[in-house]
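Tertiary structure, described
Residue strings, one per chain:
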Amino acid sequence: DLTPIPLPILVNRMFRELEAKKSAFHLPRFKFAKAAAGRDLSTSIFGRRAATPFGPAAGPHTQLAQNIVLSWLAGGRVIELKTVQVLDHLEIARPCIDMETVGFNIEWSQELSLEQSLEEYVKAMMLIEVAKASGLAPGLDDTVIDMSVGYDLAGIRSDKVRAFIAGMKDASAVIERLRPQIPDAYARFRELAYPTCISDSVTVSTFHGCPPGEIEAIAAHLMAEEGLDVVVKLNPTLLGKADLNAILHDSLGYADLVVPDATFEKDAKWEDVRGIVSRLGELADKVGRGFGVKFSNTLLVHNHKQFFPAGTGEMYLSGPPLHVLAIELVARFRSEFGDRFPISFSAGIDVGNFADTVALGLKPVSVCTDLLKGAGYGKGTDYIADLADRLAEVEATDLDIFTLKAFGLAEAALGDLKIAAERKTALITALT
């Protein structure tokens, strides 16, 4: 079972370990993220500035305060918290995560109570503010924290989940309870101006097979009733059975990965999503909130391995094959909607494809599977450094210019813009 660690122990540990071992929660200080001289890696998430487009996707590594702080020290500036739901006393079968090569898992929700999750997220924010005040990652302060909730409308409308959301939007009561717990040796941090709003944006996660109308109703409720900016996570089955299997089996060679036929039958179809996205976009404009989509959810497949407990018939796929499926979905979504809606991305991201994915104008580009392997969050510095190097290669000073120049198509892209000829010429000259 996961056991939350009290705030005073976490504060003591972070500073004592920094002094004794030049590390924090086992992350060496030389692995802390660094700002890139002359390169602005920041992005905007519904009008909020994040110092990098990198961060953890909702997963087992974004449940406990110390793991969330680790993600921040490693350069994560858009942090998607673990999905929470009304059923908060689940028995999770063990083992539940297989990251040998391709990722597989059978876990899908938080392993803490909603009250514990709220406190962990507040503790994490306070520790991040303490880290900022201590100068542990100078030049990369701006951070966006994103909630993730599921899995059905009834649960999200429940008093327990609504209380959790209210606590994330105004955490002042929890902050004031935790302030005096900061140890006397670090009493100077008790008076920091901790943000009372931990998050007012949410990524919606639904069960595989969730009815399209339910997905739309959840997002509409969160925008109109809870006042949140909303991103809806979509499923790879949107590609359709024939196209998905052609990519997965014929192009990529993963013949042992079989998606149950019932999954295609139950999941939303492209025509469903077309209507849902259009209507939710209109609602967002009406109520003054942001709306976007995320590619992609995991892919439900038959369990063909012996790793999970006996009787496990299905599992959720992540990692490299999901990356290709999700990129194809991005292309199809943009051919339908252009750049009307922001797209966040999390599917098989690693240091080898992170910068290329950022260059597609996706934001944020978050990571789960790769961070559950090997050096874990210790890889974060490599993500940030490689992105900065890629900007330098094309002489881009920020991500907008990088998006135009990364693949050598800046002039063609600007040529399609409906702007004054003089302005277009000036931009082309500046970029080339």
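For the structure, see preceding data.
In what follows, the accompanying structure is described. Being a predicted model, the structure only gives us computed values, none of them experimental.

Conventions and cut-offs
Residues numbered from 1 in each chain as written. Predicted model: local features only at pLDDT ≥ 70, side-chain atom pairs only at ≥ 80, totals over all residues. Heavy atoms only, no water. Helix = DSSP H or I, 4+ residues; strand = E, 2+ residues; numbered from the N terminus. Rg over C-alpha atoms; globule rule 2.2 N^0.38 Å. Buried < 20%, exposed > 50% of the residue type's maximum accessible area, 1.4 Å probe, protein only. Contact = heavy atoms within 4.5 Å. Pairing = 2+ DSSP bridges. Right-handed = clockwise from strand over helix to strand, strands pointing away. Axes fitted to C-alpha atoms, helices over the stretch in contact; angles between N-to-C directions. Salt bridge = Lys/Arg side-chain N within 4 Å of Asp/Glu carboxyl O. Expected span 1.5 Å × (residues − 1). Phe/Tyr/Trp six-rings, centres within 6.5 Å; stacked < 30°, edge-to-face > 60°. Lys NZ or Arg CZ within 6 Å of the ring centre and 35° of its normal. Parallel < 35°, antiparallel > 145°, perpendicular 65-115°, else oblique. Left-handed = near helix turned anticlockwise from the far one by under 90°. Nonpolar A, V, L, I, M, F, W, Y, C, P; charged D, E, K, R; others polar. Core = buried A, V, L, I, M, F, W, Y, C linked by side-chain atoms within 4.5 Å.

Notes on the overall build of the chain
Summing up its helical and strand segments, the chain has 16 helices and 16 strands in all. For a compact globule of 432 residues, the expected C-alpha radius of gyration is about 22 Å, and the chain comes in at 22 Å, within 12% of that figure. C-alpha extents for the chain along the principal axes are approximately 60 × 60 × 45 Å. For the chain, the residues scored as buried account for 54% of the 432 residues in total. Long-range contacts, defined here as pairs at least 24 residues apart, represent 74% of the contacts in the chain between residues at least 6 apart.

Focus: the pairing of strand 10 (residues 201-204)
Consecutive side chains of a regular strand alternate in pointing toward one face of the sheet and then the other. Side chains Ser201 and Thr203 of strand 10 all project onto a buried face; the interleaved residues Val202 and Val204 project onto the opposite face, where all are buried too. Inspection of the sheet shows strand 9 (residues 144-149) paired to strand 10 by three bridges, in the parallel sense. Looking at the pairing, Ser148 lines up with Thr203 of strand 10. Two strands pair when backbone bridges link them, and strand 10 and strand 11 (residues 229-234) are joined in this way by four bridges, in the parallel orientation.

A closer look at the pairing of strand 11
A large share of strand 11 lies buried, amounting to six of its six residues. A two-sided burial pattern is seen for strand 11, the buried positions comprising Asp229, Val231 and Lys233 on one face and Val230, Val232 and Leu234 on the other. Once the chain exits strand 10 it traverses helix 7 (residues 212-224) before rejoining the sheet at strand 11, and the crossover so formed is right-handed. As judged from the five bridges shared by strand 11 and strand 12 (residues 291-295), these two strands associate in the parallel manner. Across the sheet, the residue bridging to Val232 is Val293, located in strand 12.

Observations regarding the sheet that holds strand 8 (residues 103-105)
Read across the open sheet, the four strands follow the order 7-8-14-13; overall the sheet is antiparallel. Of all strands in the sheet, those bounded by a partner on one side alone are strand 7 (97-98) and strand 13 (299-302). Across the face of the sheet, helix 11 (residues 320-337) comes into contact with strand 13 and strand 14 (314-318) while running at roughly 70° to strand 14.

Quick notes on the pattern of salt bridges
By the definition in use, this model includes 27 salt bridges. Across the salt bridge formed by Arg332 and Glu328, the nearest N and O atoms sit 2.9 Å from each other. Taken together, the residues span about one helical turn, with Arg332 and Glu328 both in helix 11 at a distance of four residues. For Arg332, a relative accessible area of 25% translates into the label partly exposed. Judged by relative accessible area, which is 29%, Glu328 ranks as partly exposed.

With respect to helix 7
Between its first and last C-alpha, helix 7 extends 18 Å over 13 residues, near the 18 Å set by a 1.5 Å rise per residue. By the burial criterion, the buried members of helix 7 are Ile215, Glu216, Ile218, Ala219, His221, Leu222 and Met223.

Regarding the packing of aromatic side chains
Centre distance and the angle of the planes are the two values used to describe a pair of aromatic rings. Summed over all chains, the structure comprises 11 aromatic pairs. With 4.7 Å between their ring centres and 20° between their planes, Phe15 and Tyr186 make a pair best called stacked. Of this pair, Phe15 sits in helix 1 (residues 7-21) while Tyr186 sits in the loop between helix 6 (172-178) and strand 10; the two residues are 171 residues apart in sequence, bridging distant segments of the chain. Arranged with centres 5.6 Å apart and planes meeting at 80°, the rings of Phe291 and Phe341 form a pair that is edge-to-face. Residue Phe291 is located in strand 12, and its partner Phe341 is located in the loop between helix 11 and strand 15 (343-345); the two are separated by 50 residues in the primary sequence. Residue class for Phe291 comes out buried when judged on its relative accessible area of 5%. Linked through ring pairs, Phe291, Phe295, Phe333, Phe337 and Phe341 together constitute an aromatic cluster. Positioned above the aromatic ring of Trp72 is the side chain of Arg77, whose terminal nitrogen or guanidinium carbon lies 3.9 Å from the ring centre.

Details of the environment of Pro60
Along the chain, Pro60 turns up in the loop between strand 5 (54-56) and helix 2 (65-73). Pro60 sits 33 residues away from Ala93 along the chain, and the two C-alpha atoms are 14 Å apart. When sequence neighbours within four positions are dropped, the list of residues in contact with Pro60 reads Asn67, Lys82, Ile97, Glu107, Cys368 and Leu372.

Description of helix 1
With 15 residues, helix 1 should reach 21 Å at 1.5 Å per residue; the first-to-last C-alpha distance of 20 Å fits that figure. Considered for burial, the residues of helix 1 that qualify are Leu7, Leu10, Val11, Asn12, Met14, Phe15, Glu17 and Leu18. Those residues of helix 1 that are buried lie in contact with strand 1 (23-24), strand 2 (27-28), helix 2, helix 3 (114-133) and helix 6. Trailing helix 1 by a residue or two, Lys22 shows a phi angle of about 55°, which is positive.

A short note on the packing of helix 1 against helix 3
With their axes 11 Å apart at the nearest point, helix 1 and helix 3 run at an angle of 30° to one another. On the basis of their axis angle, the class for helix 1 and helix 3 is roughly parallel. The hand of the helix 1/helix 3 crossing is right-handed. Contact residues: helix 1 offers Leu7, Leu10, Val11, Met14 and Phe15, while helix 3 offers Lys123, Met126, Leu127 and Val130. Looking at the contact of helix 1 with helix 3 residue by residue, the classes come out as eight nonpolar, no polar and one charged.

Quick word on the nonpolar core
Val122, Leu222 and Phe295 are the most contacted members of the largest nonpolar core, which has 123 residues in total. Considering every element that reaches this core, the biggest residue donor is helix 3, with 11 residues. Apart from the residues within four sequence positions on either side, Phe295 is in contact with Leu234, Leu238, Ala326, Leu329, Val330, Phe333, Ile343, Ser344, Phe345 and Ser346.

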